Structure formats: C-alpha cells, structure tokens
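Structural overview for review
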Amino acid sequence: MIEKKRIAILGSTGSIGTQTMDVLDSIEAKPVALTTNRNIKLLEQQARQWQPECVTAFDETAAKDLKIMLGDTDIRVLGGMDGLMEAASLPTAEVTVTAVVGMAGLLPTMAAIEAGHDIALANKETLVCAGSLVTAAARQKGVRLLPVDSEHSAIFQCVQAAQGNRIAKIILTASGGPFFGKTAAELENVTVEQALKHPNWSMGAKITIDSATMFNKGLELIEAMWLYDMPPEDIEIVIHRQSIIHSLIEFVDGAVLAQLDLPDMRLPIQYALTYPVRLPCKMERLDLAKIGHLSFYPPDEQAFPALRIARQAAARKGNAGAVMNGANEAAVALFLERKISFLDIPRLVGQAMDSLPYQQIFSIDDVLASDCAARQAVYTQI
Ligand code: NAD
Ligand code: MG
C-alpha cells in the first residue's frame, strides 16, 4: 500500500484539474490546496467536498467573494499571485500539480520547487519559458519533475525500460488537430468554433487552439528537450491521427518502445502521482481490434509554421522560448476574442521572434521581461 499523498492542485477547476480530482479516490490522495482563476462556484464545491487547508482565487475580486462563500468553514482563502504561490508551497504538501494554463504557472512552480515539493507538471508553458532555470532549481532541490502531458508521460514510462541505456531519439506523436490535411490557403478563414473542435481530446480553450495551430506540439518539443535533456534535432514529430500511441523512444540499436492507451488524461495524471507504483485506473481499456488501424504522416510545416518556429526557439534557447510562448499566449487570446485570424497566430509569433533581441536568461525576472516584450510586440502589430 502506498502512503496517502498530500497534494496541492493548482488550477483544480480546469480540464486537468478536474480530472486530477477524479483520480484522488483511486490513488488515496488528499488535496491540501486547490486553486482557480475565477471559477469560485466549482472551487467552493471542491473545497466543501475535500476540505483542503487553503484555496486560492487568482482573481482578487473572486477571492473576496470566495472568502464570504466559505465563511462558515476553517478553510483559508487566499488571492492573487501571492496566494497562488502560497498554495503551491504549502509545507504540508509533498507534490504540487501544476494545472494552471500559461505563464501564470511559472512563479508558483518555482515556489513549489523551492519548498521541496515534487512537481506533477501539466503546465508546459513553464518549461518552454524557463526550462533552464526550472530544471536547474529542481536538480538543486532534489525534486522530481513528473510529466503529466500524455506524450511526456509516455516517454517517461518508456524510459523506465532503458535501464541507463542512452536514448538516441524521442518520437513525439501529434494528432494533427482539427485541421489536419488542410493547406495554408484553406486555413485562412477557419473560425474559432472550428478551431475549438479537437478530434480526440476535450481540453481547455488555450491548449485546444494550440493543437489546431500545432504550437502545442512545438511547446511539447521544447518541454521534451528540457525534461529529457535531449538535443531538439533528436526529437522527431510524427502525426498519428488516433492518439493511441502517446509517444516513443528509440535506442542506439534501433529498437523503438512506445506507450499506448486510449486518449484519457487520467492515466498520465495518476502515474505522475503514484510513480513508481501503478494502481488500477478507472478508464476504459484499450481494444486494438476495435480500433482497427493506426495511421502516421509527416507533419506539414508549410501549412503549420508553428513547428518550424518552435524548432528555431528550441535551437536558440536563451529567451527564445519565453518570446515564442508570450507572443503565442497573446495571439491565442486575441484569436479567441475574434480580433485576429487563425493564420495571424503563427504570423505574429514569427514576427515577435524576428523583431526581439536574443538574450541569455539568468533569472526569472529576465524571463518575465522577455514574456512582456513579446506580448507588446504582438499588441503593436494589430
Ligand atoms: P483549463 O483552461 O481547462 O484550466 C486552467 C486552470 O487554471 C483553471 O483552473 C483556471 O481557473 C486556472 N487559471 C487560468 N488562468 C489562470 C491564471 N492567470 N492564474 C491562475 N490560475 C489560472 O486548462 P487545461 O486544459 O486544464 O490546461 C492546463 C495546463 O495543462 C496547460 O498548461 C496545458 O497546456 C496543460 N495540458 C493540458 C492537457 C489537457 O488535456 N487539458 C493535456 C496536456 C497538458
Ligand atoms: Mg500533450
């Protein structure tokens, strides 16, 4: 029997957050901190059910309302970035699940590492922006970065079989999203609604748009580079429409290992929280005969320039990841507000990358400055 794990869940009201709440019973874990941006109705329900020590609403107005709503309980209610960082680094937690979306996850992730917590890492933007600082801090504190992203979890699971042997190549699979097979011309007029219709996964809006532009796979390339200390040229991307093979590794002798299951995030979430132990997971089992066939295609970098831009950022390192990510977050928000077109997203990110100076990153402040400059570069173009 494994010990009952005390966990902080940042972004407990989101797609990954609610699926994390869904596995708590099966893994006998107890949440000690839960957070949201402003979905206080759901956070109140979660808090009443699970009785954490503290809850945080990032939005200060929402935090004030939540304090009133939970006035009859002993649960501490916090607000803002300070509240998020406090929830991330609660001394009673052993592991922090980073399921907030975007750069907002960086400071709380660093706070959790500083507090010595293992990180169940869903928030890939953190590694994209500040991979060198985050991995160095984790090494220094002796904490583990346990991947939640399905591809990185697949690699992590395959790596268990490596027994110290060098991994020659990582092969990241990508579903191709809703616009697989379309040409650049056909992508010119796609709508927000079409972009939000992912064929295989139900996720938050930002990552769903990232999947449509393929920036998600670009972010994941950089995430894999930092998590597995792999040169980006040894990370290949292949389109696999069914999202059954979640990723693969290749050894020096040419042997390739893959991890397969149905597209359901509860397995990678659960494995990050129970590793190295495996426990039953309440998801449907894989039936290969029912699936029939698996298909693979090379990615189309003409129609989806995000992959090329991400490879550039991965090769440059320094502030390039923060610039790419900041520009992408700003552009995705503008697209969701219907202020720019779908193809403006890679166009604006590419322009930000070209126009902003390359810098080395020495501190989190450097990362925040590059993020801010990238967002400004996008806003001045529209
Ligand atoms: P989501 O939008 O469904 O949920 C985001 C959560 O973060 C919510 O609880 C929201 O209230 C909170 N939040 C949003 N903005 C915030 C801010 N500024 N400050 C504090 N909290 C904030 O997103 P999601 O799909 O669950 O994705 C979360 C992270 O996990 C992303 O980084 C995403 O790339 C990654 N991820 C998601 C999936 C998936 O299947 N959803 C898979 C792999 C990786
Ligand atoms: Mg993924």
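Up top is the structure.
Quick look at the structure, then. Treat the numbers as computed from the prediction; the structure is a model and nothing was measured. (Residues numbered from 1 in each chain as written. Chains lettered and ligands numbered in written order. Predicted model: local features only at pLDDT ≥ 70, side-chain atom pairs only at ≥ 80, totals over all residues. Heavy atoms only, no water.)

**Some remarks on the overall build of the protein**
To be explicit about the condition: The way it works is that DSSP assigns letters per residue, a run of H or I at least four long becomes a helix, a run of E at least two long becomes a strand, and they are numbered from the N terminus. Throughout this description, buried means an accessible area under 20% of the type-specific maximum (1.4 Å probe, protein chains only), exposed means over 50%, and partly exposed covers the range between. Contact definition: two residues touch when any of their heavy atoms are within 4.5 Å. To measure how exposed things are, a 1.4 Å probe is used in the Shrake-Rupley method; for residues, cover is taken only from the protein chains shown.
Along its length, the protein carries 17 helices and 12 strands. With respect to the principal axes defined by its C-alpha atoms, the protein has extents near 55 × 50 × 40 Å. The buried share among the 382 residues of the protein stands at 57%. By sequence separation, contacts in the protein at least 24 residues apart represent 67% of the contacts at least 6 residues apart. About 16,200 Å² of surface is accessible on the protein, with carbon and sulfur atoms providing 52% of the total.

**Observations regarding unusual backbone geometry**
Here Tyr-275 and Pro-276 are connected by a cis peptide whose omega angle stands at 5 degrees. Note on placement: Pro-276 falls in the loop between helix 12 (266–274) and helix 13 (288–291). With a phi angle near 65 degrees, Arg-338 is a residue other than glycine that sits in the positive phi range. For Arg-338, the position within the fold is in the loop between helix 15 (320–336) and helix 16 (344–355).

**A word on the site of ligand 1**
What counts, and what does not: Distances are taken per atom, and a residue is near a molecule or strand as soon as one of its heavy atoms is within 4 Å of it. Pairs of N or O atoms are called polar contacts if they sit within 3.5 Å, as long as, within protein, a hydrogen donor faces a hydrogen acceptor (for residues adjacent in sequence, only side-chain-to-side-chain pairs). Each residue gets one of three labels, nonpolar for Ala, Val, Leu, Ile, Met, Phe, Trp, Tyr, Cys and Pro, charged for Asp, Glu, Lys and Arg, and polar for the others, Gly among them.
Near ligand 1 you find 22 residues, and of these Thr-13, Ser-15, Asn-37, Glu-125 and Gly-204 are the closest. Between ligand 1 and Asn-37, the relevant distance is 2.8 Å, taken from an oxygen atom to a main-chain nitrogen or oxygen of the residue. Separating an oxygen atom of ligand 1 from a backbone N or O atom of Gly-204 is a distance of 2.8 Å. With the chains in place, 88% of the 830 Å² that ligand 1 exposes on its own is no longer accessible. At the level of secondary structure, the elements contributing two or more residues to the shell around ligand 1 comprise helix 1 (15–27) and helix 6 (124–141). Within the shell around ligand 1, the residues separate by chemical class into 11 nonpolar, 8 polar and 3 charged.

**Some points on the sheet that holds strand 9 (residues 235–240)**
Worth spelling out the cut-off: Two strands pair under a simple rule: DSSP has to find at least two bridges between them. With axes taken as lines fitted to C-alpha atoms, and helix axes fitted only over the stretch in contact, angles between N-to-C directions fall between 0 and 180 degrees.
Spatially, the 5 strands line up as an open sheet ordered 11-10-8-9-12, and their pairing is mixed. The sheet terminates laterally at strand 11 (256–260) and strand 12 (296–297), the two strands that pair on one side only. By the bridge criterion, 2 bridges tie strand 9 to strand 12 in an arrangement that is antiparallel. Bridge pairing in strand 12 links His-240 to Phe-296. Contacts from helix 7 (residues 150–159) reach strand 8 (167–174), strand 10 (245–251) and strand 11 within the one sheet, and its direction differs from that of strand 10 by about 40 degrees.

**Concerning the environment of Thr-109**
For Thr-109, the location among the structural elements is in helix 5 (residues 106–114). For the pair Thr-109 and Asn-123, spaced 14 residues apart in sequence, the C-alpha separation works out to 8.9 Å. With sequence-adjacent residues up to four places away left out, Thr-109 is seen in contact with Thr-98, Ile-119 and Thr-126.

**Topic: the coordination of the magnesium ion (ligand 2)**
The criterion, for reference: Because no water is among the atoms considered, metal sites can look incomplete, with donors defined as N, O and S atoms within 2.8 Å of the metal, or 3.2 Å for Na, K and Ca.
Around the magnesium ion (ligand 2), the protein supplies Asp-149 (OD), Glu-151 (OE) and Glu-220 (OE) as donor atoms, at distances of 2.1 to 2.2 Å. For the magnesium ion (ligand 2), the single-chain donor residues occur in sequence as D-x1-E-x68-E. Taken together, the residues Asp-149 in the loop between strand 7 (145–147) and helix 7 and Glu-220 in helix 11 (residues 215–228) connect sequence positions 71 residues apart. When its relative accessible area of 7% is taken as the criterion, Asp-149 is described as buried. Taking relative accessible area as the criterion, Glu-220 reaches 1% and is therefore assigned buried.

**Side note on the pattern of salt bridges**
What counts is decided by this rule: A carboxyl oxygen of Asp or Glu within 4 Å of a side-chain nitrogen of Lys or Arg is what we treat as a salt bridge.
A complete count under the given rule lists 25 salt bridges for this structure. A salt bridge links Arg-266 to Asp-22, with the shortest nitrogen-to-oxygen separation between them at 2.9 Å. Of this pair, Arg-266 sits in helix 12 while Asp-22 sits in helix 1, placing them 244 residues apart in sequence. Given the relative accessible area of 18%, Arg-266 is considered buried. A cluster of three or more residues bridged by salt bridges with shared partners is formed by Lys-124, Asp-149, Glu-151, Lys-217 and Glu-220.

**Describing helix 17 (residues 364–379)**
Rules: By this rule the span expected of a helix is its residue count minus one, scaled by 1.5 Å. Here the arc refers to the directions that run from the helix axis out to each C-beta atom.
Here helix 17 is 16 residues long and its end C-alpha atoms lie 23 Å apart, about the 22 Å a rise of 1.5 Å per residue gives. Taken together, the buried positions of helix 17 are Ile-364, Val-367, Ser-370, Asp-371, Ala-374, Arg-375, Ala-377 and Val-378. All buried residues of helix 17 lie within an arc of 155 degrees about the axis, which places them on one face of the element.

**So, a nonpolar patch on the surface**
The line we're drawing: Patch construction takes residues with relative accessible area above 30% that form no salt bridge. Like charges are linked within 9 Å, and nonpolar side chains (Val, Leu, Ile, Met, Phe, Trp, Tyr) are linked within 5 Å.
A contiguous nonpolar surface patch, about 230 Å² in accessible area, is contributed by Leu-260, Leu-286 and Leu-288. Residue Leu-286 is classed as partly exposed on the basis of its relative accessible area of 30%.

**Structural notes on the packing of helix 10 (residues 205–213) against helix 15**
In a packed pair of helices, the relevant descriptors are the angle between the two axes and the axis-to-axis distance. Stated precisely, the cut-off is as follows: An angle below 35 degrees is treated as roughly parallel, one above 145 as roughly antiparallel, one from 65 to 115 as roughly perpendicular, and anything else as oblique.
Contact geometry of helix 10 with helix 15 gives a least axis separation of 10 Å together with a crossing angle of 100 degrees. On the basis of the axis angle, helix 10 is roughly perpendicular to helix 15. Listed contacts from helix 15 to Ala-205, Lys-206, Ile-209 and Asp-210 of helix 10 are Asn-325, Asn-328, Glu-329, Val-332, Phe-335 and Leu-336. Looking at the contact of helix 10 with helix 15 residue by residue, the classes come out as 5 nonpolar, 2 polar and 3 charged.

**Focus on the packing of aromatic side chains**
Remark: the centre distance and the inter-plane angle together describe each pair of aromatic rings, the angle taken between the planes. Definition in use: Pairing of aromatic rings covers Phe, Tyr and the six-membered ring of Trp, with a centre-to-centre limit of 6.5 Å; geometry is then stacked below 30 degrees between planes, edge-to-face above 60, and tilted otherwise.
Applying the stated rule across the entire model yields 6 aromatic pairs. Pairing Phe-179 with Phe-342 gives two aromatic rings, centres 5.1 Å apart and planes at 80 degrees, and the pair type is edge-to-face. Within this pair, whereas Phe-179 is found in the loop between strand 8 and helix 8 (184–187), its partner Phe-342 is found in the loop between helix 15 and helix 16, the two being separated by 163 residues in sequence. A residue is classified by how much of its surface remains accessible, and Phe-342, at 2% relative accessible area, is buried. Of the aromatic side chains, those joined through ring pairs into one cluster are Phe-156, Tyr-271 and Tyr-275.

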